[in-house]
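Summary of the model geometry
Chain by chain, the residues:
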Amino acid sequence: MNDIELLMPAGNIEKMRYAFSYGADACYLGMVDYSLRTMRKGELITRDNLKIAVDEARRINKKVYLTLNIFAYDNDIQKLYEDVETIKDANPHAIILSDFGVLNVIKKELPNIDIHISTQTNTLNSEAVKFWRDLGASRVILARELSLKQIEAIRKNVPDVELECFVHGSQCMSYSGRCLLSDYMTGHERKANHGGCAQPCRWSYKLLEETRPGEYYEIVEDDKGSHILSPKDLCLIEYVNDLKEIGVNSLKIEGRTKSLYYVSGVSKAYRDVLDGKITPKEGYLELLKVGNRGYTKGFFLGDNNTDSYSYDISKGLAGADFLGIVLEKAGDKFRVCFKNKVNLGDIVEIITPGYSARAKIESILNESREENSLANTNDEAWITLKEEGEELSATLWQKEWNWALLRTVGIKNCKLEEEKGCIVCD
């Protein structure tokens with residue numbers, strides 16, 4: 001079996017750092033104006049800090065791929081020409097693109113940077129992969145509408161180009177994400193193929209049928225609800241070793257707009273399964289703890305159907321609440337930036353890249369070191385923790401405390417069917 005890359009999203013530099021720490025081999029990130037995800041929070045990837053992000057990755061032997069995957073108009077191409085020197089100076093490991101004009105610019109102006117063909121091109125067959133290879137692509141990111149058998153056939157037919165497959169995250173109801181709903185329904189203010197998708201597929205709809213002039217009858221949805229266009233999230237953690245065995249080069253996770261907790265938790269689950277530390281079923285249960293709309297295997301087994309849609313919710317629900325980020329360590333105390341309220345005596349789960357345990361919050365001190373009975377959302381407070389059954393591992397905490405996150409214990413909002421035998425949900 002070949003080594004396989006775990007490729008994570010990096011919506012900003014902070015998320016990139018956590019993704020690498022929690023097991024990613026590479027991250028993809030989008031520069032302002034050219035990305036299909038418009039970021040609004042955190043240390044965004046800009047012309048000024050793109051090189052900082054790439055250099056950080058190189059220092060720890062990780063890779064960064066820059067997404068220039070908008071469908072470009074002439075004004076976009078002009079901007080790209082203006083930014084060529086910035087991209088050249090940053091020197092990312094590869095450019096992800098979908099537009100022929102962007103391809104032409106990159107080949108001409110940046111001939112030494114690898115080209116990865118975006119899933120937006122909906123590459124579905126071996127001849128299409130050969131076409132992109134012959135145009136100079138070193139990697140093709142296959143469409144999500146392919147099954148394992150179809151991916152295997154492409155790998156056998158085209159052995160001399162890298163293949164990347166999406167294995168986890170939000171899906172688009174439109175074929176390979178090429179959707180005009182957002183453009184139309186926002187008066188062309190939120191263009192999906194320019195990074196501004198308003199996700200109208202996640203909205204709740206009611207259908208009306210006109211049976212005679214001037215009279216309308218509502219077509220009532222069943223008890224599943226009215227989110228009729230909203231797909232469940234893709235989750236193929238059970239099949240990562242199958243993809244590895246057939247020679248896929250990279251496993252891609254969706255989620256540049258997702259939280260730092262999402263990026264860390266998903267990285268950890270897939271990394272631990274790939275490294276054989278946990279079973280795929282255990283990895284799946286870990287993935288229930290991060291935001292999701294319910295999981296589906298999509299087209300992967302060749303039987304995509306109506307069960308792949310999340311009719312009752314549009315927003316992802318996490319099975320565990322993200323409680324906080326550890327910022328500092330002083331003796332046995334940890335300074336935490338809290339993302340949700342915690343109380344003295346609460347049992348929480350601590351996760352680090354190589355560690356996970358339940359622990360009790362034994363003390364809470366505010367920034368003035370005064371004792372408190374709780375810490376509210378957005379508070380920064382010092383806490384002490386006592387691991388259930390033993391003291392916290394000094395060795396692990398000395399190495400990894402600066403990447404530690406806190407979350408609630410167990411799994412809520414669990415949508416596992418009874419026949420799958422979920423026996424761990426609290």
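It should be noted that the structure appears before, not after, this text.
As the structure is a prediction and not an experimental result, all values here were calculated from the model.

So, on to the overall build of the protein. Within the protein, the regular secondary structure consists of 11 helices and 21 strands. Within the protein, contacts between residues at least 6 apart in sequence are counted, and of these 68% link residues at least 24 apart. By element, 47% of the accessible surface of the protein is carried by carbon and sulfur atoms, the whole surface being about 19900 Å².

If you walk through the whole model with that rule in mind, you get 26 salt bridges. Put simply, E85 and K88 hold a salt bridge, and the shortest N to O gap is 3.6 Å. You can see E85 and its partner K88 sitting in helix α3 (residues 74-90), 3 residues apart, about one turn around the helix. Accessibility expressed as a relative area gives 52% for E85, which makes it exposed. The salt bridge involving R271 is made with D275; its shortest N-O contact spans 3.3 Å. Classification of D275 by relative accessible area gives partly exposed; the value is 42%.

A word on the packing of helix α1 (residues 13-21) against helix α2 (residues 50-59). For the pair α1 and α2, the least separation of the axes is 11 Å and the interaxial angle reads 10 degrees. By the criterion of interaxial angle, the relationship of α1 to α2 is roughly parallel. Pair α1 / α2 crosses with right-handed handedness. Between α1 and α2, the contacting residues are I13, M16, R17 and F20 on the first element and A53, E56 and A57 on the second. In terms of residue class, the contact of α1 with α2 is made up of 5 nonpolar, no polar and 2 charged.

Moving on: unusual backbone geometry. Its identity as a non-glycine residue notwithstanding, N61 has a phi of 60 degrees, on the positive side. Its place among the elements puts N61 in the loop between α2 and β3 (63-68). Despite not being glycine, N378 shows a phi value in the positive range, around 75 degrees. Tracing the sequence through the fold places N378 in the loop between β19 (374-375) and β20 (380-387).

A separate point is the pairing of strand β5 (residues 114-117). As judged from the 4 bridges shared by strand β4 (residues 94-97) and β5, these two strands associate in the parallel manner. Residue pairing across strands places A94 opposite D114, the latter belonging to β5. For the crossover that starts at β4, traverses helix α4 (residues 100-109) and ends in the parallel β5, the hand is right-handed. Bridging between β5 and strand β6 (residues 139-141) involves 2 bridges; their strand directions are parallel. Looking at β6, one finds that I117 is bridged to V140.

Moving on to the packing of aromatic side chains. Considering all chains together, one arrives at 8 aromatic pairs under this definition. Note on Y18 and Y22: the rings are 6.5 Å apart at their centroids and 15 degrees apart in plane angle, and the pair reads as stacked. Judged by relative accessible area, which is 2%, Y22 ranks as buried. The rings of Y18, Y22 and W403 are connected pair by pair, giving a single aromatic cluster. In this arrangement the basic side chain of R144 is found over the ring face of F166, its NZ or CZ atom lying 3.9 Å from the centre. The ring centre of Y262 lies 4.3 Å from the NZ or CZ of K258, which sits over that ring.

Quick look at the packing of α2 against α3 now. It is at 8 Å that the axes of α2 and α3 come closest, and there the two elements cross at 20 degrees. In terms of orientation, α2 lies roughly parallel with respect to α3. Seen from above, α2 lies across α3 with right-handed handedness. Together, L50, K51 and V54 of α2 and I87, D89 and A90 of α3 make up the contact between the two elements. Of the residues assigned to the contact of α2 with α3, the class counts are 4 nonpolar, no polar and 2 charged.

Turning next to the environment of Y284. The topology assignment puts Y284 in helix α10 (residues 280-287). For the pair Y284 and A269, spaced 15 residues apart in sequence, the C-alpha to C-alpha distance is 7.7 Å.

Each α-helix turn comprises 3.6 residues. Residues three or four places apart therefore point the same way. For α1, every residue scored as buried is listed here: I13, K15, M16, Y18, A19 and F20. Residue N12 occupies the N-cap position of α1, its side-chain oxygen lying 3.2 Å from the main-chain nitrogen of E14. Phi turns positive, to about 125 degrees, at G23, one or two residues after α1.

Reading the values: the criteria
- Residues numbered from 1 in each chain as written.
- Predicted model: local features only at pLDDT ≥ 70, side-chain atom pairs only at ≥ 80, totals over all residues.
- Heavy atoms only, no water.
- Helix = DSSP H or I, 4+ residues; strand = E, 2+ residues; numbered from the N terminus.
- Contact = heavy atoms within 4.5 Å.
- Areas by Shrake-Rupley, 256 points an atom, 1.4 Å probe, with all protein chains shown as cover.
- Salt bridge = Lys/Arg side-chain N within 4 Å of Asp/Glu carboxyl O.
- Buried < 20%, exposed > 50% of the residue type's maximum accessible area, 1.4 Å probe, protein only.
- Axes fitted to C-alpha atoms, helices over the stretch in contact; angles between N-to-C directions.
- Parallel < 35°, antiparallel > 145°, perpendicular 65-115°, else oblique.
- Left-handed = near helix turned anticlockwise from the far one by under 90°.
- Nonpolar A, V, L, I, M, F, W, Y, C, P; charged D, E, K, R; others polar.
- Pairing = 2+ DSSP bridges.
- Right-handed = clockwise from strand over helix to strand, strands pointing away.
- Phe/Tyr/Trp six-rings, centres within 6.5 Å; stacked < 30°, edge-to-face > 60°.
- Lys NZ or Arg CZ within 6 Å of the ring centre and 35° of its normal.
- Polar contact = N/O pair within 3.5 Å; in protein donor to acceptor, adjacent residues only side chain to side chain.

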